[in-house]
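# A structural walkthrough
Okay, here's what each chain looks like letter by letter:
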Amino acid sequence: MQTSISGAFQATLRLSSLLQMGLVAAAVLRTEPLHPQVLVMLSAVAWCDRSAIAYLKVWRRG
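In this text, all values refer to a predicted model and were calculated from it rather than measured experimentally. Residues take numbers from 1 onward in each chain, read along the sequence in its written order. The predicted nature of this model means local features are confined to residues of pLDDT at least 70 and side-chain atom pairs, given and counted, to a pLDDT of 80 or more, with totals for whole chains, interfaces and linings taken over all residues. By convention in this description, side-chain values take in all heavy atoms of the structure and omit both hydrogens and water.

### Concerning the overall build of the protein
A run of DSSP states H or I qualifies as a helix once it reaches four residues; a run of E qualifies as a strand once it reaches two. Both are numbered from the N-terminal end. Looking only at helices and strands, one finds two helices and two strands in the protein. In the protein, the succession of α and β elements from N to C terminus is β-α-α-β. What the globule rule says is 2.2 Å times the number of residues to the power 0.38, and the radius of gyration is computed from C-alpha atoms. Relative to a compact globule of 62 residues, whose C-alpha radius of gyration would be 11 Å, the protein shows 19 Å and is clearly more extended. Viewed in the frame of its principal axes, the protein has a C-alpha envelope of about 65 × 25 × 10 Å.

Shown next as C-alpha cells:
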C-alpha cells in the first residue's frame, strides 16, 4: 500500500552557473581586465553546458 505524498523539494544547480560566478569573481578581483578572447570562450562554454546536479526530497505521510 502506498502512502500519499505530503511534500516535495527539488533543487537543480547548473554547473555552468558555477563557471559564470567564477568568471565574474575573477573579473572583479583582478586588477587588470581579462582578455576578451577568454571572456568569449568561457561565455560560450557556459551557454552550451547543460550538466547539472539535482537534489530531490519527497516527504510521505504514513
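Following the structure, the description resumes.
### Looking at the pattern of salt bridges
Put simply, a salt bridge is a Lys or Arg side-chain nitrogen that is within 4 Å of an Asp or Glu carboxyl oxygen. Considering all chains together, one arrives at one salt bridge under this definition. The salt bridge involving Arg-30 is made with Glu-32; its shortest N-O contact spans 3.1 Å.

These results come straight from atomic positions and should not be treated as a statement about function.
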